[in-house]
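Tertiary structure, described
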Amino acid sequence: MKNPLVAAVCCALLACSSGGNAKIIHPELQFVQLKGPAEQNYPTGDIEVQYGIRIANRSSEPITLRRIQLRSVGLGGPYRLQTRTYFFERVIQPEKFEDVTFWAKAVAESDGMANDARAPVTVRAVVFFSSPAGGFRNVLTQMLEQTGPLGGPR
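Anyway, here's the lowdown on the structure attached to this text. Computed from a prediction, not measured in an experiment: that's the story for all the values here.

The rules behind the values
Residues numbered from 1 in each chain as written. Predicted model: local features only at pLDDT ≥ 70, side-chain atom pairs only at ≥ 80, totals over all residues. Heavy atoms only, no water. Pairing = 2+ DSSP bridges. Helix = DSSP H or I, 4+ residues; strand = E, 2+ residues; numbered from the N terminus. Axes fitted to C-alpha atoms, helices over the stretch in contact; angles between N-to-C directions. Buried < 20%, exposed > 50% of the residue type's maximum accessible area, 1.4 Å probe, protein only. Polar contact = N/O pair within 3.5 Å; in protein donor to acceptor, adjacent residues only side chain to side chain. Contact = heavy atoms within 4.5 Å. Core = buried A, V, L, I, M, F, W, Y, C linked by side-chain atoms within 4.5 Å. Salt bridge = Lys/Arg side-chain N within 4 Å of Asp/Glu carboxyl O. Phe/Tyr/Trp six-rings, centres within 6.5 Å; stacked < 30°, edge-to-face > 60°. Lys NZ or Arg CZ within 6 Å of the ring centre and 35° of its normal.

Here we look at the sheet that holds strand E4 (residues 79-81)
- Pairing is antiparallel across the open sheet formed by four strands, whose spatial order is E1-E2-E6-E4. What marks the edges here is a single partner per strand, and that holds for strand E1 (28-35) and E4. Ignoring strand direction, the axes of neighbouring strands in this sheet form an average angle of 40°.
- In this structure, strand E2 (residues 45-56) lies alongside strand E6 (residues 97-108), joined through twelve bridges in antiparallel fashion. Across the sheet, tyrosine 51 pairs through a bridge with phenylalanine 102, a residue of E6.

Given below as structure tokens:
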């Protein structure tokens, strides 16, 4: 009597967990820096950098942006990101796209006259989503060119 009950519970748990393994088409992501040190007159110390991410949902299910984890990769550039997680609750409908902007904490390490003031900054973003088919994440690494009043885009 005890064994059939345990078997039935195990089967029920397996059936529930298999729904999260369904395949979903991952969204297309475009990640950009909107405002950085140049737009803030090259401050030093703690700053905020504004980013934008365009999320194009190519699946037939709605997806929800839950969080983005950011960190700097490598050395150099006018700032380094403080590794942090930013939380969202943004639903992207099937076959639609959403533009999301947010500010991230960073530390500016050079002024506008420094050699690396216009050097690119490389950012690693882990973007977490949920959907009716289960949760998933996309990882991207983006080299972000810096602009400045003296030379314009690199």
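What follows continues from the structure just given.
Describing the side chain of serine 130
- Position of serine 130 among the secondary structure elements: in strand E7 (residues 121-130).
- A residue is classified by how much of its surface remains accessible, and serine 130, at 18% relative accessible area, is buried.
- Among the polar contacts made by the side chain of serine 130, one reaches the side chain of arginine 66 at a distance of 2.8 Å.
- The residues contacting serine 130, other than those within four sequence positions of it, are Pro62, Ile63, Thr64, Arg66 and Gly135.

Comments concerning the nonpolar core
- Phe31, Tyr51, Leu65, Ile68, Leu70 and Tyr79 are the most contacted members of the largest nonpolar core, which has 29 residues in total.
- Elements with a minimum of two residues in this core: E2, strand E3 (63-73), E4, strand E5 (84-92), E6, E7 and strand E8 (136-144).
- Not counting the four nearest positions on each side in its chain, phenylalanine 31 is found in contact with Tyr51, Gly52, Ile53, Leu70, Phe102, Val123, Leu140, Gln142 and Leu144.

Some words on the pattern of salt bridges
- Across all of its chains, the model carries six salt bridges by this definition.
- Linking arginine 58 and glutamate 28 is a salt bridge whose minimum nitrogen-to-oxygen distance equals 3.2 Å. Pair noted here: arginine 58 is in the loop between E2 and E3 and glutamate 28 is in strand E1, with a separation of 30 residues, a long-range link.
- By relative accessible area, which is 37% here, arginine 58 ends up partly exposed.
- According to the relative accessible area criterion, glutamate 28 is partly exposed, its value standing at 46%.
- For the salt bridge of lysine 105 with glutamate 48, the shortest nitrogen-to-oxygen distance reads 2.7 Å. Note that lysine 105 is positioned in strand E6 and glutamate 48 in strand E2, a separation of 57 residues in sequence.

Structural notes on the packing of aromatic side chains
- Counted according to the given criterion, the structure contains five aromatic pairs.
- Summarising the aromatic geometry, the rings of phenylalanine 88 and phenylalanine 102 are spaced 5.5 Å apart at their centres and angled 75° between planes, so their arrangement reads as edge-to-face. One end of the pair, phenylalanine 88, is in strand E5; the other, phenylalanine 102, is in strand E6, with 14 residues separating them in the sequence.
- Its relative accessible area of 7% is what places phenylalanine 102 among the buried residues.
- Linked through ring pairs, Phe31, Tyr51, Tyr86, Phe88 and Phe102 together constitute an aromatic cluster.
- The positively charged end of arginine 67 is found above the aromatic ring belonging to phenylalanine 128, 3.8 Å away from the centroid.

Just distances and angles here, no functional claims.
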